[in-house]
Each structure stands twice: as C-alpha cells, then as structure tokens.
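Examining the three-dimensional arrangement
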Amino acid sequence: MANGEILAPVSGSVWKIECTEGQAVSEGDTLMILESMKMEIPVEAPVSGTIASLTVKEGDPVEEDAVLGVVTT
C-alpha cells in the first residue's frame, strides 16, 4: 500500500463507506467494508493522515488491488 493508496484486499463490491473526504484517520482505522462471497471484509487505512479522495461509492464492484482512495500524510 505505497503512498497512502487505499487498496481493495479482495474482489467484491463496496458494501459500506465509513469515512468521508477530508476526514482525519489513523493507520488501521476501518474506512469501508467490502462484500465478497457473502463475507464482510474491512478495508483499513494504510497510514495516518487525511482522506484526500475516494474513488468508489457504495454498491460499486471492485477488483482485488484496485485503488479505492488515497490518504495523505
């Protein structure tokens, strides 16, 4: 997870987004939850900082390792 990129750990769909652009986050905070094969997979902040951008919305399909957003330090 270089440069604060928020990456999808699995292929699935964005079930719930728990952060907003401009929000301060700490490394390890849950930012969103993906649904894959009827399981809920948390996506955590790779670094502490501010959510600079989110590139998905709830319900979007995502592929493994897709960039879901960026955290700036």
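Basis of the calculations
- Residue positions are given per chain, counted from 1 along the sequence in the order it is written.
- Only residues with pLDDT of 70 or above have their local features reported here, since the model is predicted, and side-chain atom pairs are shown and tallied only from 80 upward, although totals for entire chains, interfaces and linings are computed over all residues.
- Where side-chain values are given, they derive from all heavy atoms of the structure, hydrogens and water being excluded.
- We define a salt bridge as a contact between a side-chain nitrogen of Lys or Arg and a carboxyl oxygen of Asp or Glu at a distance within 4 Å.
- Only protein chains enter the calculation, and the probe is 1.4 Å; a residue is then buried if its accessible area is under 20% of its type maximum, exposed if over 50%, and partly exposed in between.
- For two strands to be treated as a pair, DSSP must find no fewer than two bridges joining them.
- Note on conventions: DSSP H or I runs of at least 4 residues are helices, E runs of at least 2 residues are strands, and numbering of each starts at the N terminus.

This part covers the pattern of salt bridges. Within the structure shown, the criterion is met by two salt bridges. Glu18 is the salt-bridge partner of Lys16, the closest N and O atoms lying 4.0 Å from each other. Judged by relative accessible area, which is 37%, Lys16 ranks as partly exposed. Classification of Glu18 by relative accessible area gives partly exposed; the value is 36%. Across the salt bridge formed by Lys57 and Asp60, the nearest N and O atoms sit 3.2 Å from each other.

Below, the discussion takes up the sheet that holds strand E1 (residues 5-7). Taken in spatial order, the four strands line up as E1-E8-E6-E3 in an open sheet, and their pairing is antiparallel. Strands with a single pairing partner mark the edges of an open sheet, and in this sheet they are E1 and strand E3 (24-25). Where strand E6 (residues 49-54) and strand E8 (residues 67-72) come together, four bridges link them in antiparallel fashion. Directly across from Thr50, in E8, lies its bridge partner Thr72.

Turning our eyes to something else, we now look at the sheet that holds strand E5 (residues 39-44). Pairing between sheet strands relies on hydrogen bonds along the backbone, with the strands arranged either parallel or antiparallel. Across the sheet, four strands lie side by side as E5-E4-E2-E7; this open sheet has antiparallel pairing. On the outer flanks of this sheet lie E5 and strand E7 (61-62), each paired with one strand and no other. Alignment of strand E2 (residues 12-17) against strand E4 (residues 30-36), held across four bridges, turns out to be antiparallel. Bridge assignment links Ser13 to a residue of E4, and that residue is Glu35.

Burial analysis of E4 places five of its seven residues in the buried class, the great majority of the element. Pairing geometry for E4 and E5, over six bridges, is antiparallel. Looking at E5, one finds that Thr30 is bridged to Glu44.

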